[in-house]
Amino acid sequence: MKHKERVQKVKDFTEKNKVFVIMAVVAVIFLYSNSFFSKENDVKTSETVQSEAVENTEETADKLQWQFYWTDLWVLLGAGGFCTVMIIRERKKAKEELQ
């Protein structure tokens, strides 16, 4: 496969799935912006995590802990919305094919 064919396939995919491309770009920007702004907190959190890890190794070894992050909610909503849009598209295509 040549480079021009790959470029054409990517262009075709982006033209057909504009919602997906926009969501992917927003997600990448969001992830990069979080990594840039969290540099100051990395040193503080790494020190506290190390000290807490030493103190709580025996307690946490037996228990599994689940922690909720607000970014989890946004990822779930985004993925759910994207899947819903794609399911609706597929249903419309199936109905059109039957008629």
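Look a little higher up for the structure.
A brief structural summary. From a predicted model like this one, the values you see are computed outputs, not experimental measurements.

1. Observations regarding the packing of aromatic side chains
The tally for this structure, following the rule as stated, stands at two aromatic pairs. Measuring from ring centre to ring centre gives 5.8 Å for Phe13 and Phe20, while their planes differ by 80°; the resulting arrangement is edge-to-face. Owing to a relative accessible area of 40%, Phe13 belongs among the partly exposed residues under this scheme. Take Phe20: its relative accessible area is 33%, and that puts it in the partly exposed class. The interplanar angle of 45° and the centroid separation of 5.2 Å between the aromatic rings of Phe20 and Phe82 together place this pair among those described as tilted. Residue Phe20 is found in helix α2 (residues 18-37), and its partner Phe82 is found in helix α5 (residues 70-98); the two are separated by 62 residues along the sequence. Among the aromatic side chains, those forming a connected cluster through ring pairs are Phe13, Phe20 and Phe82.

2. Observations concerning the environment of Ala79
As for its position among the elements, Ala79 is in helix α5. What makes Ala79 partly exposed here is its relative accessible area of 38%. Separated by 59 residues in the primary sequence, Ala79 and Phe20 have C-alpha atoms spaced 9.9 Å apart.

3. Points about a nonpolar patch on the surface
A cluster of nonpolar side chains, Trp66, Phe68, Trp70, Trp74 and Leu77, forms an exposed patch at the surface whose accessible area comes to about 750 Å². As for its placement among the helices and strands, Trp70 is situated in helix α5.

4. Structural notes on the environment of Val75
Along the chain, Val75 falls in helix α5. Judged by its relative accessible area of 56%, Val75 falls in the exposed class.

Thresholds, definitions, all that
- Residues numbered from 1 in each chain as written.
- Predicted model: local features only at pLDDT ≥ 70, side-chain atom pairs only at ≥ 80, totals over all residues.
- Heavy atoms only, no water.
- Phe/Tyr/Trp six-rings, centres within 6.5 Å; stacked < 30°, edge-to-face > 60°.
- Buried < 20%, exposed > 50% of the residue type's maximum accessible area, 1.4 Å probe, protein only.
- Helix = DSSP H or I, 4+ residues; strand = E, 2+ residues; numbered from the N terminus.
- Patch = residues over 30% accessible without salt bridge, like charges linked within 9 Å, V, L, I, M, F, W, Y side chains within 5 Å.
- Areas by Shrake-Rupley, 256 points an atom, 1.4 Å probe, with all protein chains shown as cover.
- Salt bridge = Lys/Arg side-chain N within 4 Å of Asp/Glu carboxyl O.

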